[in-house]
Protein chains: 2
Amino acid sequence: MAEQKVQTMEDFALASGISRPTVSKYFNDPDSVRSSTRQRIEAALAKFNYTPNLFAVNQNRKQTRNIGVIVPYLADPFFAEMARLIERRCIDAGYWPILFSSHGQRQMEINALETLRSLRPAGALIAPLGRASDLEVMRKFAEDVPTVAFDSNQDIGDAFVGSDNFQSIALIVDYLCRTGEPPCFFEMPPVNPNAMKRRAAYIQAMERAGQTPEIIRVGGQSWEFEAMGLEEGKRLIAERKLPTNTVLCSNDRIAIGLLAAAYQSGLRVGRGEGCALRIAGHDDHPWAQFTCPPLTTVSQNYSAIVERSVEKLFDLMSSGVKSESREEILFDGQLILRSSA
Amino acid sequence: MAEQKVQTMEDFALASGISRPTVSKYFNDPDSVRSSTRQRIEAALAKFNYTPNLFAVNQNRKQTRNIGVIVPYLADPFFAEMARLIERRCIDAGYWPILFSSHGQRQMEINALETLRSLRPAGALIAPLGRASDLEVMRKFAEDVPTVAFDSNQDIGDAFVGSDNFQSIALIVDYLCRTGEPPCFFEMPPVNPNAMKRRAAYIQAMERAGQTPEIIRVGGQSWEFEAMGLEEGKRLIAERKLPTNTVLCSNDRIAIGLLAAAYQSGLRVGRGEGCALRIAGHDDHPWAQFTCPPLTTVSQNYSAIVERSVEKLFDLMSSGVKSESREEILFDGQLILRSSA
DNA sequence: CTCAAAACTTTACGCGCGACAAATTATCAA
DNA sequence: TTGATAATTTGTCGCGCGTAAAGTTTTGAG
């Protein structure tokens, strides 16, 4: 079989005995051609292993099928998992997700936005860095590209999808108050609005329960939450500065660090007899089930958040009009009882 | 200021008073134009915020500046970290890394390769899934694109960069034998050659030390190593089937699961008095320092592996010729002593 | 000031494909 | 069989840019 090189759609059309425009139509929507034609094309496809040149395709299409996905920190399994779900969902819908990580750095986020823009994406799903974000740049981006924000509500994009921190934090505060000493609150660094909201939600929930809020304050902009939880935790334990024997951590990564600190300090964590400390988290991080002891926490509804984000984005993309009002969609968290609290 | 729309390079050239070919030259290499010209262009750039259309650029360039990066499982922080380092390195060198995750699935890896191919990348850095990989497809890909494989040595690509499992496993086996009961070996699922090599290395090291190898066998192709370590570990402990009081895990994620199993079974882990079990891992996973107790392990030289992979790829890209011999570059591991063993 | 080299401008072509209009052919119901 | 309709073919244009050739200007050394 003389396998001539089939590089262009022209070549392929010739080789398969179909005209180029029809082949083009097929690639845009396989169901738009007669089934007999489709079969002939697919037979040729199997033989020649041709793929349209994505650059040429996207240069000419009015709208590309690219969807940009930007997450603040890919080494955080929470975002890795979200990214995984989003990718799958987009691919299934016939789109091409392109993943960027800001790696916790302002400039990387800006770069990602610029690169993304030059790809003329049909839409974007963005979890902003938060305080480190350049909102100006992001707003300009969102003016041109349908954008859904998730996780961190920075008032950018045409919609936001995330968790209701006030509901979820209240849930676990109530649980902790009901089953033992009221919790103090181990903050995460104020990198994004979630940090602020969770703190406020904690205060609100404590006051409603008639308790005095106690907050372990944390500064900085670092995303190395585990290290922070460990170091700060060791110090607090050594200096006996923990206000109560129950600690609610602003997120699970902080809790993982604090669990390590407790272990290294010889404190037994849990809600049973002989335990000196209760530790709870927030997010239901993929590895919260493997900590020692397994972490009691509030789950974020990963799949619901992804599902609605993508759905909302597709709506925006197809409608074409910029809605004047920014929609905010919040999902409830769920109590995940394990043995750490 | 009448800000006319500057969309194309033509517009931009007109607006900045420079000819289009010169502008084009500037974007390809800012140093290739006279500095006075460069300043004029950059002044206009600040004013008009123009970016060349990536699709048009890449369609015409003989070689794009895209570099494909494929990892088997992005939710694994080891790969997340590797991806992060690779991305940074490529961007610094003026390339555009595009990240794909196979999510542990054969078909996703094939898709990634196909999508990547249609981006006509200048090169690719691939950590293959391993046994689940379609080697046929991968080899065909590597015929057309300069490819460096890392982490998992599947005999594809023009070079391989990774760790010397025989060196690293021997290191920790010797340490464990020297300081206590010789270790048994808790396998990872045989997803890739590393699994096989580490097992073989363990056997070799034990025999050289005059000890009898004891292997806890694991099957399947799952990438959920922690869950496997936890469940299998609980079973083994409950049924008292652990051959020795020292367990060397094939990687840190297995060890994290086993640590959780030990904790939940009430076994104290460590090398001190009153400890029932020693557990060691392999890789120096980003979170090995936060386990309870902190994990003794062998580190992989992340930065060296990344550095050499990227360097090797750039060599291949610039030389243009396919070297007839496949180079294999292995780095030594280093003993990381913490308190789990 | 002179002159060659370097940098620039002008002009033109082509990349691979989407999109469209007009002409042709295949399909299916009556 | 006929006609209407859907599907396909033919032909043609243009997307935004890289690239090359040929002509023009600028630069800097002597």
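Below: a short report on this structure.

What counts and what doesn't
- Residues numbered from 1 in each chain as written.
- Chains lettered and ligands numbered in written order.
- Predicted model: local features only at pLDDT ≥ 70, side-chain atom pairs only at ≥ 80, totals over all residues.
- Heavy atoms only, no water.
- Least-squares fit on C-alpha atoms with pLDDT ≥ 70 in both.
- Contact = heavy atoms within 4.5 Å.
- Near = heavy atom within 4 Å.
- Polar contact = N/O pair within 3.5 Å; in protein donor to acceptor, adjacent residues only side chain to side chain.
- Helix = DSSP H or I, 4+ residues; strand = E, 2+ residues; numbered from the N terminus.
- Nonpolar A, V, L, I, M, F, W, Y, C, P; charged D, E, K, R; others polar.
- 1 Å grid on protein atoms, 1.4 Å probe; cavity = no way out; pocket = protein on both sides within 12 Å on 5 of 7 lines; lining within 4 Å.
- Points joined across faces, edges and corners; volume = space filled by probe spheres on them.
- Phe/Tyr/Trp six-rings, centres within 6.5 Å; stacked < 30°, edge-to-face > 60°.
- Buried < 20%, exposed > 50% of the residue type's maximum accessible area, 1.4 Å probe, protein only.
- Lys NZ or Arg CZ within 6 Å of the ring centre and 35° of its normal.

## Points about the relation of the copies chain A and chain B
Here comes step 1: Mapping chain A onto chain B calls for a screw motion: a turn of 180° about the axis and a shift of 0.1 Å along it, with 0.2 Å RMSD after fitting. Taken together, the turn and the small shift mark the pair as related by a two-fold rotation axis. Across chain A, the smallest distance between a C-alpha and the rotation axis is recorded for F55(A), namely 2.2 Å.
Here comes step 2: A shared interface surface links the copies, since 98% of the contact residues of chain A are contact residues in chain B too.

## Let's talk about the protein's contact with DNA strand D
Here comes step 1: Surrounding DNA strand D, one finds 26 residues, the nearest of these being T37(A), N60(A), M9(B), S24(B) and Y50(B).
Here comes step 2: Among the atoms of DNA strand D close to the protein, meaning within 4 Å, 64% are from sugar or phosphate groups.
Here comes step 3: At 3.1 Å from a base nitrogen of DNA strand D is found a side-chain nitrogen or oxygen belonging to Q59(A).
Here comes step 4: With 4 residues, helix 4 (residues 54-60) of chain B is the largest single contributor of residues to the surface near DNA strand D.
Here comes step 5: Residue composition of the surface near DNA strand D, by class: 8 nonpolar, 12 polar and 6 charged.

## Quick notes on empty space enclosed by the protein
All names here are of chain A.
Here comes step 1: With the rule as written, the count across this model stands at 5 cavities of 30 Å³ or more.
Here comes step 2: By volume, the largest cavity is sized at about 200 Å³.
Here comes step 3: The greatest single-element share of the lining of the largest cavity, amounting to 3 residues, is contributed by helix 11 (residues 252-264).
Here comes step 4: Looking at side-chain class alone, the lining of the largest cavity contains 11 nonpolar, 2 polar and 1 charged residues.

## As for the packing of aromatic side chains
Here comes step 1: Going through the model one piece at a time under the given rule, you end up with 24 aromatic pairs over all chains.
Here comes step 2: Between the aromatic rings of F78(A) and Y302(A), the centroid separation amounts to 5.1 Å while the plane-to-plane angle is 70°, which identifies the pairing as edge-to-face. Placement of the pair is F78(A) in helix 5 (residues 77-92) and Y302(A) in helix 12 (residues 302-319), with a sequence separation of 224 residues.
Here comes step 3: Both rings, one in Y73(B) and one in W223(B), keep their centres 5.7 Å apart while their planes meet at 15°; by these two values the pair is stacked. Remark: W223(B) occurs in the loop between strand 7 (215-216) and helix 10 (225-238) and Y73(B) occurs in the loop between strand 1 (66-71) and helix 5 (77-92); sequence separation between them is 150 residues.
Here comes step 4: When its relative accessible area of 15% is taken as the criterion, Y73(B) is described as buried.
Here comes step 5: An aromatic cluster of at least three residues, connected via ring pairs, comprises Y73(A), F78(A), F79(A), W223(A), F225(A) and Y302(A).
Here comes step 6: A cation over a ring is seen here: R65(A) above Y95(A), with NZ or CZ 4.8 Å from the ring centre.

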